[in-house]
Amino acid sequence: MILAVNSSFPEIDHLAAALGANDLLSRYVRPYANLERHWERRLAEIPKLGGFYARTFGRRRLPVPISAAHIHEAGLFWDFLMAACDRLPGSRRARRPF
């Protein structure tokens, strides 16, 4: 069995999916994954905030066949905090022209 660790690269998501399809993935560690939990669905339904969530964390869906049983989220609080800070006026991300 293989442990995959990702810091939000989509290529590693696809590698983990291939490992999962061959029953080689034991655990997948990443900062955050949208697993369609109750609170994630409710957050996506909130006017204005739901659009922000859909453009940021909501798009972090996992490819099939990775399931919630494979996922171990690490640093969830810090991942949310860094994303919020990146969108503050004056942050490096806010100054980027694209």
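Residues numbered from 1 in each chain as written. Predicted model: local features only at pLDDT ≥ 70, side-chain atom pairs only at ≥ 80, totals over all residues. Heavy atoms only, no water.

So, on to unusual backbone geometry. In the segment running from Val64 into Pro65, the intervening peptide bond is cis, with an omega of 15°. As for its placement among the helices and strands, Pro65 is situated in the loop between helix H3 (49–55) and strand S3 (71–73). The backbone of Asp23 shows a phi angle near 55°, a positive value even though the residue is not glycine. Following the sequence through the fold, Asp23 ends up in the loop between helix H1 (10–21) and strand S2 (25–30). (Helix = DSSP H or I, 4+ residues; strand = E, 2+ residues; numbered from the N terminus.)

Turning our attention to the side chain of His70. Within the secondary structure layout, His70 lies in the loop between H3 and S3. On the basis of relative accessibility, which here comes to 16%, the residue His70 falls in the buried class. Setting aside its immediate chain neighbours within four residues, His70 contacts Leu25, Ser26, Arg27, Tyr28 and Pro65. (Buried < 20%, exposed > 50% of the residue type's maximum accessible area, 1.4 Å probe, protein only. Contact = heavy atoms within 4.5 Å.)

For the rest of this paragraph, the subject is the pairing of S2. As defined by bridge partners, strand S1 (residues 2–5) adjoins S2 across four bridges and the pair is classed as parallel. Along S2, the bridge assignment pairs Leu3 with Arg27. For the segment spanning S1, H1 and S2, crossover handedness is right-handed. Bridge count between S2 and S3: three bridges; the pairing is parallel. Among the inter-strand pairings, Arg30 is bridged to a residue of S3, identified as Glu73. (Pairing = 2+ DSSP bridges. Right-handed = clockwise from strand over helix to strand, strands pointing away.)

The subject of this paragraph is the side chain of Arg30. Assignment of secondary structure puts Arg30 in strand S2. Of note is the side chain of Arg30, whose polar atom sits 2.7 Å from the side chain of Asp13. Setting aside anything within four residues of it in sequence, one finds Arg30 in contact with Asn6, Ser8, Asp13, Arg60, Leu62, His72, Glu73 and Ala74. (Polar contact = N/O pair within 3.5 Å; in protein donor to acceptor, adjacent residues only side chain to side chain.)

Glancing now at the environment of Leu3. Tracing the backbone shows Leu3 in strand S1. Taking C-alpha positions, Leu3 is 19 Å from Asn34, a pair spaced 31 residues apart along the chain. Leave out the neighbours within four places in its chain, and Leu3 touches Ser26, Arg27 and Val29.

This part takes up a nonpolar patch on the surface. A cluster of nonpolar side chains, namely Ile46, Leu49 and Phe52, defines an oily patch on the protein surface of about 230 Å² accessible area. Among the secondary structure elements, Ile46 is positioned in the loop between helix H2 (38–45) and H3. The partly exposed category is assigned to Ile46, whose relative accessible area is 39%. (Patch = residues over 30% accessible without salt bridge, like charges linked within 9 Å, V, L, I, M, F, W, Y side chains within 5 Å. Areas by Shrake-Rupley, 256 points an atom, 1.4 Å probe, with all protein chains shown as cover. Salt bridge = Lys/Arg side-chain N within 4 Å of Asp/Glu carboxyl O.)

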